[in-house]
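Chain by chain, the residues run as shown.
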Amino acid sequence: MTEEIAIQTNELTKKFGDLVAVDKVSFDVKKGEIFGFLGPNGAGKTTTIRMLCTLTRPTDGTATVADLDIKKDDHEVRGHIGLVSEKLIMYDRLTAYENLKLFAKLYNLSKDQMEKKIDELLKLVHMEKWKDKQIGTYSTGMKQRINVIRALLNEPEILFLDEPTLGLDPQSTAEIREFIRKLNTELNTTIILTTHMMVEADMLCDRLGIIDRGKIVALDTPENLKKMISGNDNLVTEMNIPNLTNTMVETLQACECVKTISRLDNTKIKVQANGDDAFDIILDTVRAGGGKITSVKNLEPTLEDVFLHITGREVRDQANVKQRAENRGPDGHSMGGGGNRRVR
Amino acid sequence: MKAKQLLSHSAWICWKDLLEFARSKMALVMLLLMPLFMMIMVGFIFPDSAAMMEDVPIALVDLDSGPMGENFTMQLEGLNEQTGMMVLSGATDIEDIRTQIYAGDIDGGIVIPANFTQNIMAGQQGTIIIMTDQSNPQLSMQTQQALSYVIDEMGTYAAIGMLSASDSNTTLATVQPYTVEIEDLVEGDPSYFQFVAPGIMAMVVMMSLMTGLPHAISYEKDTGTLDGMLVAPIHRLAIILGKVLAQTTRGMIQGILILLLAMLLFGVVIYGNILIVLLIMLLTVLSFVGLGILVTSFTDKEETASMIMMTMMFPMMFLGGVFFPIEQMPGFMQTISSVLPLTYATSAMRKVMILGAGMGDITTEILFMVIFGLVFLLISVPMFKRAMNK
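Residues numbered from 1 in each chain as written. Chains lettered and ligands numbered in written order. Predicted model: local features only at pLDDT ≥ 70, side-chain atom pairs only at ≥ 80, totals over all residues. Heavy atoms only, no water.

Our next topic: the overall build of chain A. In terms of helices and strands, chain A carries 12 helices and 14 strands. Relative to its full complement of 344 residues, chain A shows a buried share of 54%. In the form shown here, chain A has an accessible surface area of approximately 15300 Å², with 46% of it arising from carbon and sulfur atoms. (Helix = DSSP H or I, 4+ residues; strand = E, 2+ residues; numbered from the N terminus. Buried < 20%, exposed > 50% of the residue type's maximum accessible area, 1.4 Å probe, protein only. Areas by Shrake-Rupley, 256 points an atom, 1.4 Å probe, with all protein chains shown as cover.)

Structure representation (structure tokens):
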């Protein structure tokens, strides 16, 4: 007996002119799991989600969502899914109730069903008191709560969340994350979410696909991904060297055991290396170059390190470059403001 | 069942659009102000006839030393006192009139040449020279016409005076053997408002679809809300149909507002059946809906939508015969005019409103609008579906 599959993609590809936004992506999402796409802005997360939600037609490849073909049965697919997109899907001049009513009507809910469902959902996010206020008067966190429950009106089996906590304050972020988890455990909703926040991916997701330049470069549970770079012969260390010079960084980079190196500030570097004697080699190299090491801290690997390890680039750098390219490019879906947020 | 759902979904989308619209104070104010400004502007910018001319500054120069020139001057002044058409001033010669026109002090001049009396005495015609400010063609033409008319009239009386020896009843017939009597199709004197109001009504309906529709869709595309509808299991047509319904409602309200303003404030009279007027407005919607959807499918950003609309609307506004009669345009423009639905909408509206025509009199116009509308719907609907599934 195979595990039940919610989503299956086979070499899914999307091109915008010459730009390959999503490049032959194949993966499965199991029913009832929280599946995350992690990657910098412009990596292809949003485009992948839009294809699965039938908002964008794939250039090539196939995918099934709830056992329905996204190309042939697009209309049917829509009945099984909910989408919380990066941009709010709400009308500012309408009240929360009116917004929900409109979408309830588009999902063919009867009057009784609708009233019941709206009440229930509003209660779920503690927004009953606000239901007759226009959305325009809400705070960002409140808007996002309504935005999320809007996607739940049709009780979707599969819920897509595109950067659901982007731009929210810490409290709202925590609430939304809690809510997502609750949906997953209580209603057994399969959840696909995209994020560029490592912590979020780590906290929420059962499995993660790391996506970079349109390709899935790694796919596993967060634990397994981190294991990739931890263990005996793997080392992530942070050093404080008050008299740090560029030459030192360059010599370190030249060492065979050093995988990646990043400068955190004027005096701090973070080194990822492998090999049994990597630590000795690094210390020797720094000292040989006249460096004075005041402190050394060995770190637990984070998903950030995983990303760095796999792609050789930092999420932040990547995001900046991509964002600039994206502002010119045809794919304007993920022009969020949080792209260059530093995540550790 | 499917059709019922489609209609229900479009009705709810229309409800949403109208609710949003009704809650935007700015949009409501504009809904009222736009027709008002439109009427006031076009009504006052274009003066409607020579009879309206009043207090136009004109310089008069008598270069003739004989009695005929003096006589003419006296007659002209006497006539002007009655009509108040001109404010007469003096000038030394033709050059002086030219200078005064350049300076903007006067709009024209009347010159009695030096040999005026001599020519008349010799049994020849006496020539009067009229000069006008040609930098303002409309006013220049009117001044020319008015002055020619005045001088013509004065000539007639002079002729009657010369022939006064014979029977006074027959003298007029001798000098002016032909006279014209105008038989009006409807009572009263149609003003420019009367001419322009039907056209503006058709135009406002056109605008609501041509600018309102692409704007409504591209705005939702830009803000991301369109995805919410697209991801719902509704027919793609429900979206556009809902928007069309909302825009049509808005356009019709505005059209009716114009009609009311025209009737209450500007004294426009409808001679035809008001139901036919409303029907023509709806047909105008039908004729433009396809074109509006077509443009919507081609534009992905609000900005481009507005640009395309502006480029398309201006020629339509001017070639559709809303402000100027099509017959006054050069041939090739008339050809373009003849394929624009606005031309037919305006024409039908005018026939019904000003001339009191019935349905039978506007079959050509109705036929053209229906065919144009259906052809563009057939082209645009598949285009729209494709655009939504990019």
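All right, on to the overall build of chain B then. Counting its secondary structure elements, chain B contains 15 helices and 4 strands. In terms of C-alpha radius of gyration, chain B reaches 29 Å, well past the compact-globule figure of 21 Å for 390 residues. Its C-alpha atoms give chain B principal-axis dimensions of roughly 95 × 45 × 40 Å. Out of the 390 residues belonging to chain B, those deemed buried represent 47%. Counting only carbon and sulfur atoms, one obtains 65% of the accessible surface of chain B, whose full area is about 19900 Å². One way to put it: in chain B the 16 positive side-chain charges average out to a point 36 Å from where the 33 negative ones average out. (Rg over C-alpha atoms; globule rule 2.2 N^0.38 Å. Lys, Arg positive; Asp, Glu negative; His and termini not counted. Charge placed at Lys NZ, Arg CZ, Asp CG, Glu CD.)

Residues and elements named next belong to chain B. Between helix α11 (residues 274–298) and helix α15 (residues 363–388), whose axes approach to 7 Å, the crossing angle comes to 30°. By the angle between their axes, α11 is roughly parallel relative to α15. For the pair α11 and α15, the sense of crossing is left-handed. For the contact of α11 with α15, the per-class residue count stands at 18 nonpolar, 7 polar and no charged. (Axes fitted to C-alpha atoms, helices over the stretch in contact; angles between N-to-C directions. Parallel < 35°, antiparallel > 145°, perpendicular 65-115°, else oblique. Left-handed = near helix turned anticlockwise from the far one by under 90°. Nonpolar A, V, L, I, M, F, W, Y, C, P; charged D, E, K, R; others polar.)

Attention shifts here to the nonpolar core. Counting 156 residues, the largest nonpolar core has Phe160 of chain A together with Ile200 and Met206 of chain B as the members making the most contacts within it. Top element by residues in this core is helix α8 (residues 192–223) of chain B. It accounts for 17 residues. Other than its neighbours up to four places away in sequence, Ile200 of chain B contacts Met38, Met39, Val42, Ile258, Val322 and Phe323 of chain B. (Core = buried A, V, L, I, M, F, W, Y, C linked by side-chain atoms within 4.5 Å. Contact = heavy atoms within 4.5 Å.)

Now for the sheet that holds strand β6 (residues 81–84) of chain A. Residue and element names in this part refer to chain A. If you trace the 6 strands from one edge of the open sheet to the other, you get β6-β7-β8-β3-β9-β10, paired in mixed fashion. Both edges of this open sheet fall to β6 and β10 (215–220), since each of them pairs with a single strand only. Across the sheet, the axes of successive neighbouring strands diverge by a mean angle of 15°, strand direction being ignored. Pairing geometry for strand β3 (residues 34–38) and strand β9 (residues 207–212), over 4 bridges, is parallel. Counterpart to Gly36 in the pairing with β9 is Leu208. Where helix α6 (residues 170–186) meets the sheet, its contacts fall on β3, β7 (158–162) and β8 (190–195), and the angle it forms with β8 comes to roughly 155°. (Pairing = 2+ DSSP bridges.)

What follows is about the domain arrangement of chain B. Segmenting chain B into domains produces domain 1 (2–47 + 191–388) and domain 2 (56–175). Computed from C-alpha coordinates alone, the two centres of domain 1 of chain B and domain 2 of chain B are separated by 50 Å. (Domains from an automatic or database assignment.)

Turning next to the sheet that holds strand β4 (residues 60–65) of chain A. All names here are of chain A. The antiparallel open sheet is built from 4 strands, whose spatial order is β2-β1-β4-β5. Strands with a single pairing partner mark the edges of an open sheet, and in this sheet they are β2 (19–30) and β5 (68–69). When β4 meets β5, the two strands line up antiparallel, connected through 2 bridges. Looking at the pairing, Val65 lines up with Leu68 of β5. In this fold helix α1 (residues 45–52) packs onto β1 (5–16), β2 and β4, with an angle of close to 120° to the strand it touches most, β1.

This part covers the pattern of salt bridges. Oppositely charged side chains are able to pair whenever their charged atoms sit close together. All names here are of chain A. Applying the stated criterion across every chain yields a total of 22 salt bridges over all chains. Of the charged contacts in the structure, one is a salt bridge between Lys117 and Glu120, with a shortest N-O distance of 3.3 Å. Highlighted residues: Lys117 and Glu120, both in helix α4 (residues 111–124), separated by 3 residues, approximately one helical turn. Exposure remark for Lys117: the relative accessible area of 10% places this residue in the buried category. (Salt bridge = Lys/Arg side-chain N within 4 Å of Asp/Glu carboxyl O.)

What follows deals with the environment of Ser135 of chain B. Residues and elements named next belong to chain B. Looking at where Ser135 falls in the secondary structure, it is placed in the loop between β4 (129–132) and α6 (137–162). Take Ser135: its relative accessible area is 63%, and that puts it in the exposed class. Expressed as a C-alpha distance, the spacing of Ser135 and Ile101, which sit 34 residues apart in the sequence, is 9.9 Å.

Within the structure shown, the criterion is met by 13 aromatic pairs over all chains. For the pair Phe27 of chain A and Phe37 of chain A, a centre-to-centre distance of 5.1 Å together with 85° between the ring planes defines the contact as edge-to-face. Of this pair, Phe27 of chain A sits in strand β2 while Phe37 of chain A sits in strand β3, and the two are 10 residues apart along the sequence. An identical accessibility class is assigned to Phe27 of chain A and Phe37 of chain A; each is buried. Members of the aromatic cluster, connected to one another through ring pairs, are Phe314, Phe318, Phe323 and Phe324 of chain B. Stacked on the ring of Phe103 of chain A, the Lys or Arg Arg150 of chain A has its end atom at 5.1 Å from the ring centre. Just above the ring of Tyr91 of chain A sits the side chain of Lys16 of chain B; from NZ or CZ to the centre is 3.8 Å. (Phe/Tyr/Trp six-rings, centres within 6.5 Å; stacked < 30°, edge-to-face > 60°. Lys NZ or Arg CZ within 6 Å of the ring centre and 35° of its normal.)

Residue and element names in this part refer to chain B. Running from amino to carboxyl end, helix α10 (residues 236–265) crosses α11 at an angle of 140°, the nearest separation of the two axes being 10 Å. Taken together, the axes of α10 and α11 are oblique relative to one another. As α10 runs across α11, the sense of the crossing is right-handed. Contact residues: α10 offers Ile240, Val244, Thr248, Gly251, Met252, Gly255, Ile256 and Leu259, while α11 offers Ile274, Leu278, Met281, Leu282, Val285, Val289 and Ile293.

This brings us to the confidence of the model for chain A. Residue and element names in this part refer to chain A. The pLDDT averaged across chain A works out to 85; a share of 88% of its residues lies at or above 70. For chain A, per-element mean pLDDT is lowest for helix α12 (residues 315–328), which scores 45, and highest for helix α3 (residues 96–106), which scores 96. In the model, residues 316–344 has pLDDT below 50 throughout and makes 52 contacts with residues more than four positions away in sequence or in other chains. (pLDDT = per-residue confidence, 0-100.)

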